[in-house]
Amino acid sequence: MVRGGGGMRRLTLPLPGKSNRSPQAADARAQRKRRARRQALLRLSVRAGVPAVLLALVAGSGVWAWQSGWIARQGQQLTHAAVDAAAEAGLRLDQVVVSGRERTEPDAILAALGIRQGGPILGLDPASAKRRLERLPWVKTATVERRLPGTVRIDLTERAPLALWQLDGALSVIDRAGQRIDRAAPEAHANLPLLVGPGAPAHAEKLLALLAREPEMNARVKAAVRVRDRRWNIVLRNGVEVQLPAETPSRAWSRLAEIERKYGVLQRDIRMIDLRLPDRMVVRMAPGSKPMSEPRGIGEST
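Residues numbered from 1 in each chain as written. Predicted model: local features only at pLDDT ≥ 70, side-chain atom pairs only at ≥ 80, totals over all residues. Heavy atoms only, no water.

Engineer: Mind laying out the overall build of the chain, listing which residues take part and the relevant values?
Structural biologist: A count of helices and strands for the chain gives eight helices and twelve strands. Per-residue burial for the chain yields a buried fraction of 38% across its 302 residues. Roughly 18,200 Å² of accessible area belongs to the chain as shown, and the carbon and sulfur atoms make up 53% of that amount. (Helix = DSSP H or I, 4+ residues; strand = E, 2+ residues; numbered from the N terminus. Buried < 20%, exposed > 50% of the residue type's maximum accessible area, 1.4 Å probe, protein only. Areas by Shrake-Rupley, 256 points an atom, 1.4 Å probe, with all protein chains shown as cover.)

Engineer: Quick rundown of the pattern of salt bridges? Include the residues and the values.
Structural biologist: A side chain with one charge can pair with a side chain of the opposite charge if their charged atoms come near. Summed over the entire model, instances satisfying the criterion amount to twelve salt bridges. The partner of R220 in a salt bridge is E260, with the nearest N and O atoms 3.3 Å apart. One end of the pair, R220, is in the loop between helix 7 (215-218) and strand 7 (221-227); the other, E260, is in helix 8 (residues 249-263), with 40 residues separating them in the sequence. With a relative accessible area of 27%, R220 lands in the partly exposed category. (Salt bridge = Lys/Arg side-chain N within 4 Å of Asp/Glu carboxyl O.)

Engineer: Lay out helix 8 with the relevant residues and their values.
Structural biologist: Taking 1.5 Å of rise per residue, the 15 residues of helix 8 would be expected to cover 21 Å, and the 21 Å separating its terminal C-alpha atoms lies within 8% of that figure. Of all the residues in helix 8, the buried ones are A252, W253, L256, A257, I259 and E260. Each buried residue of helix 8 sits inside an arc of 165 degrees when the element is viewed along its axis, so together they form one side. In this structure, helix 8 carries R251 and K262 as exposed residues pointing more than 90 degrees from its buried face. G264 lies just past helix 8 and shows a positive phi near 60 degrees. (Expected span 1.5 Å × (residues − 1). Arc of directions from axis to C-beta.)

Engineer: Let's hear about the confidence of the model for the chain: which residues, and what values?
Structural biologist: Per-residue confidence for the chain gives a mean pLDDT of 78, with 66% of residues at or over 70. Low pLDDT, under 50, characterises residues 40-62; the stretch is placed with twelve contacts to residues that sit more than four places away or in other chains. (pLDDT = per-residue confidence, 0-100. Contact = heavy atoms within 4.5 Å.)

Engineer: Could you give me a rundown of the sheet that holds strand 1 (residues 95-99), with the residues and numbers involved?
Structural biologist: Across the sheet, which stays open at both edges, the three strands sit in the order 1-3-2 with mixed pairing between neighbours. The open sheet has two edge strands with one neighbour each: strand 1 and strand 2 (139-147). Averaged over all pairs of adjacent strands, the angle between strand axes in this sheet comes to 20 degrees, irrespective of strand direction. One ladder, built from five bridges, connects strand 1 with strand 3 (residues 151-158); its direction is parallel. When the bridges of strand 3 are listed, V97 appears paired with R153. Along the sheet, helix 5 (residues 126-133) makes contact with strand 2 and strand 3, crossing strand 2 at roughly 155 degrees. (Pairing = 2+ DSSP bridges. Axes fitted to C-alpha atoms, helices over the stretch in contact; angles between N-to-C directions.)

Engineer: Requested: an account of helix 6 (residues 204-212), with residues and values cited.
Structural biologist: Helical periodicity: at 3.6 residues per turn, an α-helix aligns residues three or four positions apart in one direction. Of all the residues in helix 6, the buried ones are A204, L207, L208, L210 and L211. What you see down the axis of helix 6 is that its buried residues fit within an arc of 155 degrees, all on one side.

Engineer: Before we move on, can you summarise the side chain of H189 with the specific residues and values?
Structural biologist: When you line up the elements, H189 lands in the loop between strand 5 (170-175) and strand 6 (194-196). Looking at H189, the relative accessible area reads 13%, which means it is buried. Looking at H189, its side chain comes within polar contact range of the main-chain oxygen of A185, at 3.1 Å. Filtering out sequence-adjacent residues up to four positions away, H189 remains in contact with W138, P161, L164 and V173. (Polar contact = N/O pair within 3.5 Å; in protein donor to acceptor, adjacent residues only side chain to side chain.)

Engineer: Lay out the nonpolar core with the relevant residues and their values.
Structural biologist: What tends to happen in soluble globular proteins is that the nonpolar side chains get buried as a cluster. Counting 33 residues, the largest nonpolar core has L195, I234, L236, W253 and I273 as its most contacted members. If you list the elements that add at least two residues to this core, you get strand 4 (161-167), helix 6, strand 7, strand 8 (231-236), helix 8, strand 10 (270-274) and strand 11 (281-285). Every residue in contact with I273, bar those within four places of it in the chain, is listed here: V240, E241, V242, Q243, L256, L266, M281, V282 and V283. Membership of the second largest hydrophobic core comes to 18 residues, among which are L124, A129, V139 and L156. (Core = buried A, V, L, I, M, F, W, Y, C linked by side-chain atoms within 4.5 Å.)

Engineer: Could you give an account of the environment of I273, with specific residues and numbers?
Structural biologist: Within the secondary structure, I273 is located in strand 10. We classify I273 as buried; its relative accessible area is 0%. Sequence separation between I273 and V283 is ten residues; the distance between their C-alpha atoms is 4.6 Å.

Engineer: Explain the environment of L133 to me, and be specific about the residues and the numbers.
Structural biologist: Along the chain, the position of L133 falls in helix 5. For the pair L133 and L113, spaced 20 residues apart in sequence, the C-alpha to C-alpha distance is 7.7 Å. If we ignore the near neighbours within four places in the chain, the residues touching L133 are I109, A112, V139, A142, V144 and I154.

Engineer: Explain the pairing of strand 2 residue by residue, including any values.
Structural biologist: The pairing of strand 2 with strand 3 spans eight bridges and is antiparallel. Looking at strand 3, one finds that R147 is bridged to T151. Taking the residues that link successive antiparallel strands as the turn, the strand 2-strand 3 hairpin has three residues.

Engineer: Hey, could you go over the environment of N191 for me, with residue numbers and the actual values?
Structural biologist: Relative to the helices and strands, N191 resides in the loop between strand 5 and strand 6. In this structure N191 comes out as exposed when scored by relative accessible area, which is 69%. For the pair N191 and A163, spaced 28 residues apart in sequence, the C-alpha to C-alpha distance is 8.7 Å.

In structure tokens:
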């Protein structure tokens, strides 16, 4: 059973077939019964015999037993026997319930559990399964819990794609922490903002929040270029480049939005707007364009 994000989606693992009545199936059932009887005898012998064995080891060759790993091997065998006995008693994996899944493939989740459907549920190591799940591309954190007799509950927190990052011509998808999301196809996230240059991911979330404060201007943004890992140049969809200052870039961006609302400067034949000076906005016109009337606080360059 898989629950993902805003909607509810289910993945029900198929139950083992129950219609097989062939001689081979009958033999298999008989073998399981014999194995269960052997395990019951083993549990009885363990309860009766382990204290005596340990006493003998301590009194005699205990050092050799520890150094040779004999005790560890016996412990592992007893653990496996107990897990199998629990499975015979009905503690088998019947379903997996997942919440928080949006992009992670169900098959990848099941593979990360490391246990087959119908296998002994006590054979699942939640800590190991958690580590495997958190190595999947979209998974940020995971919790894994056994709910006896036959359910495993998984809670996922997936990484949220924030932007596309271009470096040396190569595109990657990054999350809110500025980390690449491995195997995330950039072409499948073409609607994300485009950031360019070294150092851009580390400052991406802050920049995008800054731009979003002026929705009308934000809708014009085509890309943002990180300059010397100090400041940003914003490339608008009409080709105008807006140079933001390293200090108080949000104030400069809001100032541009206000000037655009009053004067419509972006409707002119402009190539660049320099906002790096706190008291002026320097505008570079396209070659051969008509000079613009100069509102207060706006300078013109060619």
